[in-house]
Amino acid sequence: MNVDIWSDIACPWCFIGKRRFESALEQFPHKDQVTVTWHSYQLDPTLPEHYEGTEVEYLSERKGMPAERVAQMFEHVTQVAAGEGLEYDFGRVVVANSYSAHELLHLAKARDAHDGARRADAVKEALLSAHFEHGEDIGAREVLVRIGTEAGLDAAEITEALDAGTYRDAVGADIREARALGIQGVPFFVLDSKYGVSGAQPAELFTQALETAWREANPLVMVGQPAGGAAGGASEGADRLDGEVCGPDGCA
C-alpha cells in the first residue's frame, strides 16, 4: 500500500498529523507493507527567505487578525501538540521560507530510492522539530546541512544540491500535483491514489482509512467445499458449501 503525504514544514498541524498517522500505522497489522512518501507543499510561497518579526506578527499581518487572537490560536495548537508528545514553542519560532528545506527533503527521497533507507522521514521529522520545538532557522544553510548529515546524507552533496537547485523542480512538481488533486490545505494524505484524508485527523480515522484501503487492494476470497463434493447434496448452481457457523442469532 502506498501513502502519499503533502505537508509544509511551516505547518503546526502537519507535525501533529504526522504523529497521529504514525500512531495508527504502528498498530496496523500490515505496516511493513506500507510505503510512505513525503511531498512538498508551501502555505506561503511569497514569504521572503527571512521575515524580520515574530510568528505572531507574521500571521497577524498576513491574515489581518489581531495579535491577541493569533496568540490564542497558538496556545490551543500548543496544547493539542502536547497531547501528541510534542513541545511547541511559538515564542522561539523563526519565520523563514521553507523551499530550501523541501529541496533537502527531496534529496533524501532520491537517496532512499537507491537503497530503501528512510532518510526522508528522518529529515522531515528533524525539520518539523527544529522549527516548532527548538526555534531553529529552517532556511539557514548550516541548519539544513546539520539535519541532512544527521539523517545520513553527505554534507558536500547537500551543499552542492542546494547551490545548484538540483531539486527545485521536484519541489515545484509536488506543489503542482497538489493543485491538480484539489489539495488546498495540509496535511493531506492519499492512500493508494484513491482515498484522501484532509487534516490532522484523530488516529482512529487514520486506522479506518488504512483498513479500508487495504481491504480494497486485498479483497477476501472465500473458500468453500465444491458442490457435489464429499458433503454432497449441494443446491444446483452453487459453487461452494458453507460450513456450520454461529452468529448473533445462534448456531446453525
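These lines cover the structure that appears in this document, whether it is placed above or below. (Residues numbered from 1 in each chain as written. Predicted model: local features only at pLDDT ≥ 70, side-chain atom pairs only at ≥ 80, totals over all residues. Heavy atoms only, no water.)

Glancing now at the environment of Phe 132. Relative to the helices and strands, Phe 132 resides in helix α5 (residues 119-132). Spatially, the C-alpha atoms of Phe 132 and Ile 9 are 9.1 Å apart, while their sequence positions differ by 123 residues. Sequence-distant contacts of Phe 132, that is, excluding residues within four places in its chain, are made with Ile 9, Ala 10, Cys 11, Pro 12, Glu 87, Tyr 88, Asp 89, Phe 90 and Val 93. (Helix = DSSP H or I, 4+ residues; strand = E, 2+ residues; numbered from the N terminus. Contact = heavy atoms within 4.5 Å.)

One key point about sheets: their strands pair by backbone hydrogen bonds, in either a parallel or an antiparallel sense. Strand order in the open sheet formed by four strands is β2-β1-β3-β4, and the pairing between neighbours is mixed. The sheet is open, and its two edges are formed by β2 (35-40) and β4 (195-198), each paired on a single side. The mean inter-strand angle of the sheet, taken between neighbouring strand axes irrespective of direction, is 20°. Bridge count for strand β1 (residues 2-7) against β2 is six bridges, and the pairing is parallel. Its bridge partner lying in β2, Val 3 is registered against Val 36. (Pairing = 2+ DSSP bridges. Axes fitted to C-alpha atoms, helices over the stretch in contact; angles between N-to-C directions.)

Attention now goes to the packing of aromatic side chains. Any two aromatic rings considered together are summarised by their centre-to-centre distance and by the angle between their planes. Scanning the entire structure with this criterion turns up 10 aromatic pairs. Judged by centre distance (4.1 Å) and plane angle (5°), the ring pair of Phe 74 and Phe 90 falls under stacked. Here Phe 74, found in helix α3 (residues 67-83), pairs with Phe 90, found in the loop between α3 and α4 (99-115); they are 16 residues apart in sequence, far enough to count as distant. As far as the burial class goes, Phe 74 and Phe 90 line up, both buried. Judged by centre distance (6.0 Å) and plane angle (70°), the ring pair of Phe 90 and Phe 132 falls under edge-to-face. Of this pair, Phe 90 sits in the loop between α3 and α4 while Phe 132 sits in helix α5, and the two are 42 residues apart along the sequence. The burial state of Phe 90 is the same as that of Phe 132; both residues are buried. (Phe/Tyr/Trp six-rings, centres within 6.5 Å; stacked < 30°, edge-to-face > 60°. Buried < 20%, exposed > 50% of the residue type's maximum accessible area, 1.4 Å probe, protein only.)

These figures capture arrangement, not role.
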